[in-house]
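Residue-level listing of the chains:
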Amino acid sequence: MNHTICDSLGLVQFLTMVGEIARGVSISQFPVWQRELFNARDPPRITYAHHEYDETKHCSNKDTMDFDQMAHESFFFGPKEIATLRSHLPQHLRKCSTFEILSACLWKCRTKALGLEPNEIVGLSPFITARGKVGLHVPNGYYGNAFAFPMALSKAGILCQSPLEYALGLIKKAKAQMGLEYVKSVADLMVLKGRPKYKTKENYLIGDTTHVGFYDVDFGWGSPIYGGPAGAIPFVSFYGRFRNNEGEDGVVVPILLPHHVMK
């Protein structure tokens, strides 16, 4: 896969079609190109604060991310673990999604493990799909990239000391920005600022592939044993479906960090 061509949902759509061809059945959805849907406006104009592309460096700690000695670990969250996390929330927030509660927990734990100064700013960006969002009209079959990752920001000290609901609220607020105007603002920013890179210093990108559909792809040999990302890369974790040794279904989260931070 080359991410320039498609995102995870688009990849599954494409693989599903290939599987249908392989099995000799009718193709349920042909691929759609229509990349112009995400063109910048004329004239381009930035209408949101895109902290994920901020040019200023948020952090002063240069020794936190030593990539010479990295550890790759995976953490499993089954029904018991998710229920335990929800029990830390006020009653009115316990109906939040598994993705939201997991992200709040991981952002807080990861920030604590990094041992940052209390006033250092940390960010978390959830990958949010544009498919199905009001006003965007992404057609069925579109397999190109259709997402953005608005950032939640906090001082490290406040994030670590506050209840879980604090991180959850920031994540919900970041997700709520996603819509037509936000996507257009990102496209315009790419034109006006020359495709700036995502600011990775002490920030964390997270994506949920548990409902993407990898497990439904069938080339004629039945359902896959596993489908999804192969692991973690620095600053990024993708949540995947997983069944542990006890036959329990849950979510597995691969994380890559320096050894001392992972411990």
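Before reading further, recall that the structure is shown in the block above.
A quick note: this is a predicted structure, and the numbers were derived from the prediction, not measured. (Residues numbered from 1 in each chain as written. Predicted model: local features only at pLDDT ≥ 70, side-chain atom pairs only at ≥ 80, totals over all residues. Heavy atoms only, no water.)

Asker: Could you give an account of the sheet that holds strand β5 (residues 152-155), with specific residues and numbers?
Answerer: Spatial ordering of the open sheet is given by β1-β8-β7-β6-β2-β5, a layout of six strands whose pairing is mixed. Both edges of this open sheet fall to β1 (70-77) and β5, since each of them pairs with a single strand only. Across the sheet, the axes of successive neighbouring strands diverge by a mean angle of 25°, strand direction being ignored. Note that β1 and strand β8 (residues 249-258) share eight bridges and pair antiparallel. When the bridges of β8 are listed, H72 appears paired with L256. The strands that helix α5 (residues 164-176) touches are β2 (121-126) and β5; relative to β5, the one it contacts most, it runs at about 150°. (Pairing = 2+ DSSP bridges. Helix = DSSP H or I, 4+ residues; strand = E, 2+ residues; numbered from the N terminus. Axes fitted to C-alpha atoms, helices over the stretch in contact; angles between N-to-C directions. Contact = heavy atoms within 4.5 Å.)

Asker: Quick one: what's the story with the pairing of β8, residue by residue and with numbers?
Answerer: In terms of residue burial, β8 counts as a mostly covered element, since nine of its 10 residues are buried. As paired elements, strand β7 (residues 236-243) and β8 share four bridges and run antiparallel to each other. Within β8, the residue paired with G240 across the bridge is V252. If you look at the hairpin formed by β7 and β8, you'll find five residues sitting between the two strands, and G247 has a positive phi there, around 75°. (Buried < 20%, exposed > 50% of the residue type's maximum accessible area, 1.4 Å probe, protein only.)

Asker: Explain the packing of aromatic side chains residue by residue, including any values.
Answerer: Aromatic rings considered in pairs are described by the distance between their centres and by the relative angle of their planes. Evaluation of the coordinates by the stated rule reveals 13 aromatic pairs. Taken together, a centroid distance of 5.3 Å and an interplanar angle of 70° make the contact between F127 and F147 edge-to-face. A residue pair is termed long-range when its members are at least 10 positions apart, and F127 in the loop between β2 and β3 (128-129) and F147 in strand β4 (residues 147-148) qualify at 20 residues. Summarising the aromatic geometry, the rings of F147 and F149 are spaced 6.2 Å apart at their centres and angled 35° between planes, so their arrangement reads as tilted. When its relative accessible area of 27% is taken as the criterion, F147 is described as partly exposed. (Phe/Tyr/Trp six-rings, centres within 6.5 Å; stacked < 30°, edge-to-face > 60°.)

Asker: Can you explain a nonpolar patch on the surface? Please cite residues and give values.
Answerer: Together, F14, V18, F219 and W221 line one region of the surface with nonpolar side chains, adding up to about 430 Å² of accessible area. With respect to the secondary-structure elements, F14 resides in helix α1 (residues 8-23). (Patch = residues over 30% accessible without salt bridge, like charges linked within 9 Å, V, L, I, M, F, W, Y side chains within 5 Å. Areas by Shrake-Rupley, 256 points an atom, 1.4 Å probe, with all protein chains shown as cover. Salt bridge = Lys/Arg side-chain N within 4 Å of Asp/Glu carboxyl O.)

Asker: Give a detailed account of the nonpolar core, specifying residues and quantitative values.
Answerer: Membership of the largest hydrophobic core comes to 36 residues, with the highest contact counts inside it found for W107, Y239 and V253. With eight residues, the top contributor of residues to this core is helix α3 (residues 98-114). In this structure, A146, F149, V186 and Y198 belong to the second largest nonpolar core, which totals 19 residues. (Core = buried A, V, L, I, M, F, W, Y, C linked by side-chain atoms within 4.5 Å.)

Asker: Lay out the environment of K199 in plain terms, naming residues and giving numbers.
Answerer: Within the secondary structure, K199 is located in the loop between α6 (180-192) and β6 (203-208). Sequence separation of K199 and H51 is 148 residues, and the distance between their C-alpha atoms is 8.3 Å.

Asker: Any details on α1? Residues and values, ideally.
Answerer: Under the 1.5 Å per step criterion, the end-to-end length of α1 is 22 Å for 16 residues, consistent within 8% with the ideal 22 Å. Among all positions in α1, only G10, L11, V12, M17, G19 and E20 are buried. Once α1 finishes, G24 follows within two positions and takes phi at roughly 75°, a positive value. (Expected span 1.5 Å × (residues − 1).)

Asker: Before we move on, could you go through the environment of A174 and cite the residues and values that matter?
Answerer: Following the sequence through the fold, A174 ends up in helix α5. Take A174: its relative accessible area is 3%, and that puts it in the buried class. Apart from the residues lying within four places of it in its own chain, the contact partners of A174 are P150, M151 and A152.

Asker: A description of α3 should follow, citing residues and the corresponding values.
Answerer: With 17 residues, α3 should cover 24 Å at 1.5 Å per step; its first-to-last C-alpha distance of 24 Å lies within 8% of that length. The element α3 is largely enclosed, with a buried count of 13 among its 17 residues. One or two residues past the end of α3 sits G115, with phi positive at roughly 65°.

Asker: Any details on the side chain of R41? Residues and values, ideally.
Answerer: Of note, R41 is situated in the loop between α1 and β1. Polar side-chain contacts of R41 include one of 3.0 Å to the backbone oxygen of R45. Reaching out from R41, the side chain makes a polar contact with the side chain of E181 at a distance of 3.0 Å. Beyond its immediate chain neighbours, meaning those up to four positions away, R41 contacts T47, E181, K184, S185 and D188. (Polar contact = N/O pair within 3.5 Å; in protein donor to acceptor, adjacent residues only side chain to side chain.)

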